[in-house]
Amino acid sequence: MGIHIDEKKFKSLLEGKLSRHFGKSIKDASNEQFYVACSFILRDILMENWAKTGKNIQDNELKQVYYLSMEFLIGKSLHNNINNLGLNDVFSNVFSEIGVSLDDIMAIERDAGLGNGGLGRLAACYMDSLTALGYPGMGFSILYEYGIFKQKIIDGMQVELPDNWLETGSVWTVPRIEETQEVRFEGKVDSYMENGELKFTHHDYYTVLAVPNDMLISGYPGDNVNTLRLWSAKSTKTIDMQLFSRGEYAKSMEQKAMSEVISKVLYPEDNHYEGKSLRLKQQYFFVSATIQSIVKKHKAQYGTMSNFADKAVIHINDTHPTLAIPELMRILIDEEGFGWDESWRIVSNCMAYTNHTIMAEALERWTISMFKHLLPRIYMIVEEINRRFCEDLWNVFPEDREKIGRLAIIANDEIRMANLCIATCYSVNGVSALHSDILKNLVFSDYNHMFPTKFTNVTNGIAHRRWLCQSNPELTKLLDELIGEGFRSDANELTKLLKFADDANVLKRLAEIKRHNKERFVKHLGTDVTINPDSIFDVQSKRLHEYKRQLLNVLHILYEYHMLLDNPNMDFTPKTYFFGAKSAAGYAMAKNIIRLINSVASEINSNAVVNDKLKVFFVEDYNVSMAEVMIPAAEISEQISIAGKEASGTGNMKFMLNGALTIGTLDGANVEICESVGEENIYIFGLKAHEVENIVKAGNYSPLEYYHNNPKLRRVIDHIRDGIGVGILRNAYPEIVNSLLFRDQYMLLADFDSYCNAHDRIYKEYNDKSLFNRKSLINIANAGRFAADRSISEYADNIWHIKKVNNK
């Protein structure tokens, strides 16, 4: 590691930071001041190693990956950096000596509001692994001032509040004012001939300044440090003094506010023109600043853009950063003087794209009128890319106008981001074996025919050091004792645990650790409702979306509730269900499902007949920090999306790593988890992806038949229709019932019986503690396959073709 710090050295540094920044000593400093002082100490260490990493990359002229993502859900930085730098004991011992709780200090930091769900968490995991493995990489996103939102549950309903995470998170960002970029919107574009070449000028535009703020990303064991660059939007104008002098105070600040709103909130609601326009502005602002920054850095070192594709790969994480493609074309043509063909050669050899969804609504499309108005020069470039691409399509699919229209980048008054990525990028990958197969053979089958070597797979992975070593210290300590510490650097070494699968003492210790984690989670929740730590902890935590089928979970809970009402003395293993989820602000059905969950919880938890056997909790404002406590406590992991819709999932991997058993469909990475642990160590149910596809093609799915032919299902649905809950939380849900009975797009009713049967198997096996704990151990031991280190190594070797930094 770059700097060795023992307890004496750390205490001296702590005293110095407190004195210089706050005029305080260790004896009279507050926890907030300790937090800032610790953050600055760690940042100093990271800065030294960051400088070494950057110098080695530059001196050795290493090819770098630039990872563009609208989300980086990094959670809290203090604990993560302490862990990655190997300073846990040093920090703990010093604060114990001075009588201050390190846990209380770490609790001051708020989760960085830079993401929503799996996409952002994956990007954060990948930055961790890039750095830990020593690969040269840099992440780019937006410094969202208020994040996604802070979720508050009021009368059972989700209410969105601003999340001012920068109050504690700004200590981790380093402003780079000198590298501010200008981003241009609107205006007009003129063309003219000069020396026989067509030239373009953009005028009458307005400018927004993009100010970079760098977060230093540590990786275990701390030798290498990479950068996550976050752009904040600043206006070129502060105030219109003439308007202000006339008393028009709000209007005098209007231009500043409209410019800076770009970096206020992640994913503004887009069910109106202004919201759609703001999202497009965000995406172009982000990629324009990023590409300009990358180009300037490259030219400063090499003096030319001709070798750019040999020294840089720009990775587009989902479709949000797609405009990086025409933006780089713009810079090469308009500013660097390259012709179209040479510019296209560079761009098409340096861009790679990861697709994260087959959901039509997530494959972004923009109306031509709005796009052309906001980004006139970029539209011209996309239009030319489309014209040339359509010529290629005509050659491959002659006379097939319907297919060409479907595959074109621009058609039917819309611009399609996924099509632009596929037409341009040299690599397109899915994120699980099943997902990649669906992309190649169904969703993008015609593109796969055109570009048979372009499509590939890299199954997602998780930062196992964070989700095991940091989140589950007691289990980590047991693993250190049983198999050594090698798994921290090589997650595949977890397979050494398999030799203890029949060791009764080890299985007993695993059960004790799980019990302690359950108690820790209950304490962390701080709820007034009694939670039985001996009950089965069944957890579904993920973004609220209909295809993820939280509603199927609710239907089954009500089925169990009815069984207990009918027979309170039945043999029933106590069970506690936990939900953690945020809905998009404008997603009415998802928000209604959240309200339903809370209604169900209120009725069940207040019913004395059943509440010693069945409980339901909706965990408010679920985030990374809550996940770090919830996941180690989970015994059952709900991964129940309809087969064929979940690209991969990463929550399934985190739960598995911490010993939870999966109940799930053969969807996303569940397929590979099943292959890894064996069918006997996972609870698989439901229709398979090809069966779902066949039903959809046949067009004869009838949810009403399931309702009429299944009395237990009919009783559940009728209960929801007639009203459920107590007090102010009692509500009827006709919209949900109508959706189930007359649409049921995600086939909940078709999978209901199979899902109930899978839960029955869980009950039978859970009470055989030795059997259940053995299954848990087997899941932990086989989780190494799903480490982000493996994913990043595959990207580095097979897609990016980058080499490691030697920073030791």
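Residues numbered from 1 in each chain as written. Predicted model: local features only at pLDDT ≥ 70, side-chain atom pairs only at ≥ 80, totals over all residues. Heavy atoms only, no water.

K.L.:
How should the pairing of strand S7 (residues 188-194) be read in this particular structure?
P.N.:
Relative to strand S8 (residues 197-203), S7 runs antiparallel, the two being bridged by 7 bridges. Across the sheet, the residue bridging to Ser191 is Phe200, located in S8. Between the antiparallel neighbours S7 and S8 lie 2 residues, among them Asn195 with a positive phi of about 55°. (Pairing = 2+ DSSP bridges. Helix = DSSP H or I, 4+ residues; strand = E, 2+ residues; numbered from the N terminus.)

K.L.:
I keep staring at the packing of aromatic side chains and nothing clicks. Help me out?
P.N.:
How two aromatic rings sit relative to each other is given by the distance of their centres and the angle of their planes. A complete count under the given rule lists 23 aromatic pairs for this structure. Relative to Phe95, the ring of Phe34 has its centre 5.4 Å away and its plane inclined at 90°; by these criteria the two rings are edge-to-face. Here the residue Phe34 occupies a position in helix H2 (residues 31-59), and Phe95 occupies one in helix H4 (residues 88-97), the gap between them amounting to 61 residues. We classify Phe34 as buried; its relative accessible area is 1%. The residue whose ring lies beneath Arg377 is Phe200, and the NZ or CZ to ring-centre distance is 3.8 Å. Over the ring of Phe451 we find Lys454; its NZ or CZ atom is 3.9 Å from the centre of that ring. (Phe/Tyr/Trp six-rings, centres within 6.5 Å; stacked < 30°, edge-to-face > 60°. Buried < 20%, exposed > 50% of the residue type's maximum accessible area, 1.4 Å probe, protein only. Lys NZ or Arg CZ within 6 Å of the ring centre and 35° of its normal.)

K.L.:
Looking at this model, I keep getting lost on H4. Mind explaining?
P.N.:
Owing to its 3.6 residues per turn, the α-helix aligns residues three or four sequence positions apart on the same side. Those residues of H4 that sit buried are Val90, Phe91, Val94 and Phe95. Each buried residue of H4 sits inside an arc of 115° when the element is viewed along its axis, so together they form one side. Facing away from the buried side of H4 by over 90 degrees, the exposed positions are Asp89, Ser96 and Glu97. In the core, the buried residues of H4 are packed alongside helix H1 (7-22), H2, helix H3 (78-84) and helix H5 (102-108). (Arc of directions from axis to C-beta. Contact = heavy atoms within 4.5 Å.)

K.L.:
Explain the side chain of Arg466 to me, please; I cannot follow it from the model alone.
P.N.:
As for its position among the elements, Arg466 is in helix H21 (residues 464-470). One polar contact links the side chain of Arg466 to the main-chain carbonyl oxygen of Ile74, over a distance of 2.8 Å. Leave out the neighbours within four places in its chain, and Arg466 touches Ile74, Gly75, Lys76, Asn80, Arg121, Ser471, Val624 and Glu628. (Polar contact = N/O pair within 3.5 Å; in protein donor to acceptor, adjacent residues only side chain to side chain.)

K.L.:
Would you take a moment to explain the pairing of strand S4 (residues 157-161) for this structure?
P.N.:
Here is the key point about a regular strand: its side chains alternate between the two faces of the sheet. Note that strand S3 (residues 150-154) and S4 share 5 bridges and pair antiparallel. If you follow Ile153 over to S4, its bridge partner there is Gln158. Between S3 and S4, which pair antiparallel and follow one another directly, the connecting turn spans 2 residues, one of which, Asp155, has a positive phi of 55°.

K.L.:
Explain the packing of H1 against H4 here, please?
P.N.:
Each pair of packed helices gets described by two things: the angle between the helix axes and the distance between those axes. In contact at an axis separation of 9 Å, H1 and H4 are set at 65° when each is read in the N-to-C sense. Between H1 and H4, the angle falls in the class roughly perpendicular. In this structure, the crossing between H1 and H4 has a hand that is right-handed. Listed contacts from H4 to Glu7, Phe10, Lys11 and Leu14 of H1 are Asp89, Val90, Phe91, Asn93, Val94, Phe95 and Glu97. Looking at the contact of H1 with H4 residue by residue, the class counts come to 6 nonpolar, 1 polar and 4 charged. (Axes fitted to C-alpha atoms, helices over the stretch in contact; angles between N-to-C directions. Parallel < 35°, antiparallel > 145°, perpendicular 65-115°, else oblique. Left-handed = near helix turned anticlockwise from the far one by under 90°. Nonpolar A, V, L, I, M, F, W, Y, C, P; charged D, E, K, R; others polar.)

Geometry only, nothing functional implied.
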